[in-house]
Amino acid sequence: MGSAKKSSSADRKARIEEMRRAEHARERRNRILTIVASAVVVVGLVAGAVVLVQTQSDDKDDTASDGKTSSGKFVTGEDGVKTWKGTLSRTHVDTPVKYLSEPPVGGDHNQVWMNCNGDVYTKELKNEHAVHSLEHGAVWVTYTSKADKADVEALAAKVKKTPYTLMSPDEKQADPIMLSAWGHQRTVTGADDPNVDKFFEKYVQGEQTPEKGAACQGGLSE
């Protein structure tokens, strides 16, 4: 009987040891599975972050157009007027546009124009709205803080009595006073510069107008 008891005790110890080994094996498998799962989650998070950054980058690219359908350059004529030689796109967009000149003389623009029935604005305009006014045949008078106050006042008086014109400050432009129409632009020395009247006479609802006769009222007033 003693021998039988010893055999039973040994078998029990063997089973217990086997159970311990099995438990240790399960614990190792669980640890490995946990590590693998964690790694998969981390990889997923990293991949998601990369996609998010790329998407945000793409969105930023999409929020500003550089006028890819517009191309060309200015050519200055003997009369001092710069004429755009190339293509000026006319697509309506609801995003900011990176224009090829300042002030712009055409290109993609917002579907809502700035009122241009002799309207004088004291704050800078969004180019996207003013360009739409140019499409309707308006002449846009712009000036910087370097322009003489008397010239600004005289030009404002002229604009106020001239349909299809508008005026606003623009600190980003190169010269103190500039005149712009669709596809055309020039610098003038002051309100008494004879080129002011010449530019108005030629380009207010001139032949360059893409949408001649389109309204200059019913748009934005500020």
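Since the model is a prediction, treat every value here as computed from it, not as a measurement. Along each chain, numbering runs from 1 in the same order as the chain's sequence is written. With pLDDT at 70 or above as the cut-off, local features in this predicted model cover only qualifying residues; side-chain atom pairs require 80 or more to be listed or tallied, and sums for whole chains, interfaces and linings still use all residues. Working from all heavy atoms in the structure, the side-chain values ignore hydrogens and water.

Draft legend 1. Structural detail: the packing of helix α3 (residues 149-160) against helix α4 (residues 194-203). Interaxial distance between α3 and α4 falls to 13 Å at its minimum, and their mutual angle equals 25°. Comparing their axes, α4 and α3 come out roughly parallel. As for the relative orientation of α3 and α4, their crossing is right-handed in sense. In this structure, α3 contributes L155, K158 and V159 to the contact, and α4 contributes V196, D197 and F200. Note on method: axes are straight lines fitted to C-alpha atoms, helices fitted across the in-contact stretch only, with angles between N-to-C directions ranging 0 to 180 degrees. Helix numbers and strand numbers start at the N terminus; a helix is a DSSP run of H or I with at least 4 residues, a strand a run of E with at least 2. Should an angle fall under 35 degrees it is called roughly parallel, over 145 degrees roughly antiparallel, and 65 to 115 degrees roughly perpendicular, with every other angle called oblique. If you view the pair so one helix is near and one far, a crossing is left-handed when the near helix is turned anticlockwise from the far one by less than a right angle, and right-handed when it is turned clockwise. Any two residues having at least one pair of non-hydrogen atoms within 4.5 Å are treated as being in contact.

Draft legend 2. Representation of the state of the cysteines within the structure. Cysteine sulfur pairs qualify as disulfides if the two atoms are within 2.5 Å. For the coordinates displayed, the defined rule picks out 1 disulfide. Disulfide partner of C116: C216, at an S-S distance of 1.6 Å. In this structure, the disulfide formed by C116 and C216 twists by about -90° around the S-S bond and is classed as left-handed. Of this pair, C116 sits in the loop between β2 (82-87) and β3 (117-120) while C216 sits in the segment after α4, and the two are 100 residues apart along the sequence.

Draft legend 3. Structural view of the sheet that holds β3. Spatial strand order, β1-β2-β7-β6-β4-β5-β3: 7 strands in an open sheet with mixed pairing. The sheet is open, and its two borders are formed by β1 (71-76) and β3, each paired with just one other strand. Ignoring which end each strand starts from, the neighbouring axes of this sheet average 20° apart. Bridge count for strand β4 (residues 139-143) against strand β6 (residues 177-181) is 4 bridges, and the pairing is antiparallel. Across the sheet, Y143 pairs through a bridge with I177, a residue of β6. Its contacts with the sheet put helix α2 (residues 127-135) on β4, β5 (165-169) and β6, and the angle it makes with β4 is roughly 140°. In the packing of α4 onto the sheet, the strands contacted are β4, β5, β6 and β7 (184-187), and the crossing angle to β6 comes to about 15°. One bridge is not enough; two strands pair if DSSP finds at least two bridges between them.

Draft legend 4. Inspection of unusual backbone geometry at higher detail. A cis amide bond, omega -10°, links E102 with the succeeding residue P103. Of note, P103 is situated in the loop between β2 and β3. Phi is positive for Y164, close to 60°, though the residue is something other than glycine. Mapped onto the fold, Y164 is located in the loop between α3 and β5.

Draft legend 5. A look at the side chain of H109. If you trace the backbone, H109 turns up in the loop between β2 and β3. Ignoring any residue separated from it by four or fewer positions in sequence, one finds H109 in contact with R90, T91, H92, V93, Y99, E128, V131, H132, E135 and W182.

Draft legend 6. The pairing of β7, seen in detail. In the sheet, β2 pairs with β7 via 2 bridges, with the strands oriented antiparallel. The partner of K82 across the bridge, within β7, is Q185. Looking at chain direction, β6 and β7 are connected through 4 bridges and run antiparallel. By the bridge assignment for β7, S180 is matched with Q185. Linking two consecutive strands that pair antiparallel, namely β6 and β7, is a turn of 2 residues; a positive phi of about 80° is found at G183 within it.

Any link to function would need more than the numbers given here.
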